[in-house]
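# Structure at a glance
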Amino acid sequence: MSTETAVAVPDWLDQPLGLAPQVTLVAGADGNPLLFDAATGIYVRLSQTGARVVPLLDGSRTGTALLEAARRSRGPEGVCDRSSILLSFLTDLRAAGVLSVPPEPRHGRDLAIDRLFKLAPKLRVPAGRLNRLLRPPSMVLARFPRTATALAIMISVAATVAVVLAVTLPGPEIFTSPPWVVLVVVLFVQATLHEIAHASVCQALGVPVREAGVKLFFLLIPMTYVDRTDAYRVRSRFGRGAVALAGPVVDLAATGMCSLLIVADPMRYGELRWLLGMQLFVIVTNLNPLLPVSDGHHAMEAALGELNLRDRAFRYLGHVLFRVRLPAAQRSVSAARRRLYLIYGLVSATFLIMLLSMISMNYYRLIVDFLD
């Protein structure tokens, strides 16, 4: 159907519009307004203009009435038709599932993408048990934040020096690796402490974690994880950066301890060079900002004051390459931000395709060798 406005109005806007009962407006990172859906746990970032529109979604007006008012809206330039912008905004909110009108079922390419990113079976630790475990370290961090920050910096610097010494120190030409069971156990314990560090800093900042566990990313890559989605509520960039980098500090500390043993007695602990190499691989990989779930990516987001950088970059890349419709909030970003999204999206997509291709080929070779 159509109205007197300059835009085609879908039927679902003929009914009163409001936020879903479980959705609230909160202030999050850098003071950005966010809609929080308590049922799904997702956050939807709003522009400042969008945040001013949200109070109008109280269920007393139909979408058509809101569009009619937007058509005659008055601003510094006089009367201006903003109905097309409002329609795009309301459509995005409905797609995010935060309106009283349920979203349309996904199909085609959107459904395929959703299913692809859900290919990560998990073994979970309940949130209640996890937060009880984190209470002691988080209380210490909350009480002595500056001391904890200084210690983290000192440990990182000392560990880096130890690693450089261990790598450059002449060692035995031939050395055997420790048992693989020992390597796996050590790396698993390190990964567990890594995630505990993330969660402890998160809780120290007043944001409890939702769950933790082990998942199989893309059915190919096993990894430990902690769900710290609510870190979006941490307003300061420093705080969000601390949450992201707490885990790598633990990795550096463990790598530094391994390096110190090698430096102390290169012959006796020469076999630990295998472990050191694996630890360095973990650190470099985890700090890689091109990977979708890396701490380096989250730290870069915090430094840039961005939320969902990867998602926004891929949406903009899809818009440029395949003319995919951009959400309303992304249409008004500056030219510098658009360049950032485009460059990061291109580089990250290329890297991810190469990485998954290499992993798939290695799995294929293992299967072929096993069958032979």
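The text that follows walks through the structure, step by step, so that each part is easy to find. (Residues numbered from 1 in each chain as written. Predicted model: local features only at pLDDT ≥ 70, side-chain atom pairs only at ≥ 80, totals over all residues. Heavy atoms only, no water.)

Right, let's get into the overall build of the protein. When helices and strands are tallied, the protein shows twelve helices and ten strands. Seen through its principal axes, the protein has C-alpha atoms that stretch 85 × 55 × 40 Å. Taken across its 372 residues, the protein has 38% of its residues classed as buried. For the protein, long-range pairs separated by at least 24 residues make up 68% of all intrachain contacts whose partners lie at least 6 apart in sequence. Of the roughly 21,100 Å² of accessible surface on the protein, a fraction of 67% belongs to carbon and sulfur atoms. (Helix = DSSP H or I, 4+ residues; strand = E, 2+ residues; numbered from the N terminus. Buried < 20%, exposed > 50% of the residue type's maximum accessible area, 1.4 Å probe, protein only. Contact = heavy atoms within 4.5 Å. Areas by Shrake-Rupley, 256 points an atom, 1.4 Å probe, with all protein chains shown as cover.)

The next point concerns the packing of helix α5 (residues 127–143) against helix α7 (residues 180–204). Axis separation between α5 and α7 bottoms out at 8 Å; the angle between their running directions is 65 degrees. Along this stretch, α5 crosses α7, giving a crossing that reads as right-handed. Side by side, α5 and α7 meet where Asn-131, Leu-134, Arg-135, Pro-137, Ser-138, Leu-141 and Ala-142 of the first sit next to Ile-196, Ala-199, Ser-200, Val-201, Gln-203 and Ala-204 of the second. Looking at the contact of α5 with α7 residue by residue, the classes come out as eight nonpolar, four polar and one charged. (Axes fitted to C-alpha atoms, helices over the stretch in contact; angles between N-to-C directions. Left-handed = near helix turned anticlockwise from the far one by under 90°. Nonpolar A, V, L, I, M, F, W, Y, C, P; charged D, E, K, R; others polar.)

Under the defined criterion, the tally for this structure stands at 13 salt bridges. Linking Asp-30 and Arg-237 is a salt bridge whose minimum nitrogen-to-oxygen distance equals 3.1 Å. On the criterion of sequence distance, the pair formed by Asp-30 in the loop between β2 (23–27) and β3 (33–37) and Arg-237 in helix α8 (residues 237–264) is long-range, its members being 207 residues apart. Asp-30 sits in the partly exposed class, given a relative accessible area of 33%. Through salt bridges with shared partners, a single ionic network connects Arg-45, Glu-306, Arg-312 and Arg-337. (Salt bridge = Lys/Arg side-chain N within 4 Å of Asp/Glu carboxyl O.)

So, about the packing of α8 against helix α9 (residues 272–286). Where α8 contacts α9, the axes come no closer than 10 Å and their chain directions differ by 160 degrees. In terms of orientation, α8 and α9 fall into the roughly antiparallel class. Of the two elements, α8 crosses α9, and the hand of that crossing is left-handed. Contacts between α8 and α9 involve Pro-248, Asp-251, Leu-252, Ala-254, Thr-255, Cys-258, Ser-259, Leu-261 and Ile-262 from the former and Leu-272, Arg-273, Leu-275, Leu-276, Gln-279, Leu-280, Val-282, Ile-283 and Asn-286 from the latter. Considered class by class, the residues forming the contact of α8 with α9 number twelve nonpolar, four polar and two charged. (Parallel < 35°, antiparallel > 145°, perpendicular 65-115°, else oblique.)

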